[in-house]
Amino acid sequence: MVFPERFSDLPAATWPRLRALLDVPTTASETINMTIGEPRHAFPAFVGGILAANLQDFAKYPDNNGVPALLDAIAGFLNRRYGLDVPHDQILTLNGTREGLYNAAMALCPEEKNGKPIILTPNPFYQVYAVAALSVGAEAIYVPATEETGHLPDFRSLSADVLDRTAIAYICSPANPQGAVADETYWRDLITLAEKHDFKIFADECYAEIYRDVPPPGALQIAQEMGADPERVVIFHSLSKRSNLPGLRSGFCAGGPQSIARIRQLRAFAGAPLPEPLQAVAAAVWNDEAHVIENRALYHRKYEIADDILGHVPGYHSPQAGFFLWLPMGNGEEAAVRLWQETGVRVLPGAYLSRDVNGENPGANYIRVAMVAPTQEMQRGLTLIRDCLYD
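These numbers come from a predicted model, not from an experiment. (Residues numbered from 1 in each chain as written. Predicted model: local features only at pLDDT ≥ 70, side-chain atom pairs only at ≥ 80, totals over all residues. Heavy atoms only, no water.)

(A) Spotlight on the sheet that holds strand β9 (residues 324-328). Here three strands make up an open sheet; going across it, the order is β9-β12-β11 and the pairing antiparallel. Strands with a single pairing partner mark the edges of an open sheet, and in this sheet they are β9 and β11 (348-349). (Pairing = 2+ DSSP bridges. Helix = DSSP H or I, 4+ residues; strand = E, 2+ residues; numbered from the N terminus.)

Structure follows, in structure tokens:
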């Protein structure tokens, strides 16, 4: 029996790997899970009523591209948030943005670009970026996103030969796991680089609605202001973080008409559209801003708590946005095991979000802590982390 080799060197998936690492007893009587970015804030109260009112539509095959009401709601969000006027044919609804981040590469990465194409990804990164690169036969190049680079990848440091072969650059802003934000200057520099070397930017903006004071600028917004090629940027958004609805699996991508048409064409054959009752819920949630403002206020309080508990830690950076802490450690795996055994707090070693490049892993000396639990539980968890690992 012959099997494909392209996935043979994948590391163990993050969560099975973590379960194996922490498969040791703990002396704690209470456990606190701070590993996964699964929001535990309340989702909008109106969701249940809308779902109930549309149950009959489970009897229908769903619209693959998104029903008009959902496309209207997404377009309205993009207009309110970024001042963009995006027509329906430049928006595609997704069954969670992970699907879109993967299928966009399948649909848009060329077979050749001055040789074997390259897909750039930050390091550390959301693991679907790397699997997408392998799936299309591209060379994945992991660009360090470290304290020295402001926790964002410095794509300008790459050689012209690499950039000329680059087909796609993934970038997450606000960044998972570091919470760094690509400002307008960063976007302008990256878009200029992409225009010069003719590659696409896939902007993962799933954390864009959780921030301190100033809304993070959007890649498509800046690209339009610059007059860049309309096909240069594809953006990805989700209701998982914005509205505390990870189980709804509702996201979207938006970009140039040719890019979205090609992703739609692939999805018509191989996609998994969102059931129409869930599309009805998603439309109502994208149209509502009140719950987003309330949710953001909860995270503001959590930022304050984190700064108060951990602000003295050398190398601690209070996140600009998002809901993760990226905490410096001597060894992330050892710290995670010790923390679990002594306190019952579960965190994610940073190395599980990164790849070794030239013998170095930029996440190896960090842990990622998700601040998604109810406030008092999160406060207890951060206090235990401080007392166990730092004091």
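(B) Expanded view of the packing of helix α13 (residues 332-343) against helix α14 (residues 375-389). At a closest axis distance of 10 Å, the pairing of α13 and α14 adopts a crossing angle of 110°. In terms of axis orientation, α13 runs roughly perpendicular to α14. Judged by the sense of rotation from one axis to the other, the crossing of α13 with α14 is right-handed. For the pair formed by α13 and α14, the contact residues are Ala-335, Arg-338, Leu-339, Glu-342 and Thr-343 on the first element and Leu-384, Ile-385, Cys-388 and Leu-389 on the second. By residue class, the composition of the contact of α13 with α14 is six nonpolar, one polar and two charged. (Axes fitted to C-alpha atoms, helices over the stretch in contact; angles between N-to-C directions. Parallel < 35°, antiparallel > 145°, perpendicular 65-115°, else oblique. Left-handed = near helix turned anticlockwise from the far one by under 90°. Contact = heavy atoms within 4.5 Å. Nonpolar A, V, L, I, M, F, W, Y, C, P; charged D, E, K, R; others polar.)

(C) Focus on the packing of helix α12 (residues 290-310) against α14. One can describe the packing of α12 onto α14 by two numbers: an axis separation of 10 Å at closest approach and a directional angle of 20°. Classified by the interaxial angle, the pair formed by α12 and α14 is roughly parallel. Note on packing geometry: the crossing formed by α12 with α14 is right-handed. Side by side, α12 and α14 meet where Lys-302, Ile-305, Ala-306, Ile-309 and Leu-310 of the first sit next to Thr-375, Met-378, Gln-379, Leu-382, Thr-383 and Arg-386 of the second. Here the residues of the contact of α12 with α14 sort into six nonpolar, three polar and two charged.

(D) Focus on the environment of Met-378. Structurally, Met-378 can be placed in helix α14. For Met-378, a relative accessible area of 0% puts it in the buried group. In this structure, the C-alpha to C-alpha distance between Met-378 and Arg-338, residues 40 residues apart in sequence, is 19 Å. If near-sequence neighbours (up to four positions away) are discounted, Met-378 is found in contact with Met-34, Lys-302, Ile-305, Met-371 and Ala-373. (Buried < 20%, exposed > 50% of the residue type's maximum accessible area, 1.4 Å probe, protein only.)

(E) Fine view of the pairing of strand β3 (residues 118-123). When you tally the buried positions in β3, you get six out of six residues, the bulk of the element. Alternating positions in β3 separate into two faces, Ile-118, Leu-120 and Pro-122 on one and Ile-119, Thr-121 and Asn-123 on the other, with burial throughout. In terms of strand pairing, β3 meets strand β4 (residues 139-144) through six bridges, oriented parallel. Pairing of Leu-120 across the sheet is with Ile-141, part of β4. The β-α-β motif built from β3, the intervening helix α5 (residues 128-135) and the parallel element β4 has right-handed crossover chirality. Of the strand pairs in this sheet, β3 and strand β5 (residues 166-172) are connected by three bridges, and their pairing is parallel. Bridge assignment links Ile-118 to a residue of β5, and that residue is Thr-166. (Right-handed = clockwise from strand over helix to strand, strands pointing away.)

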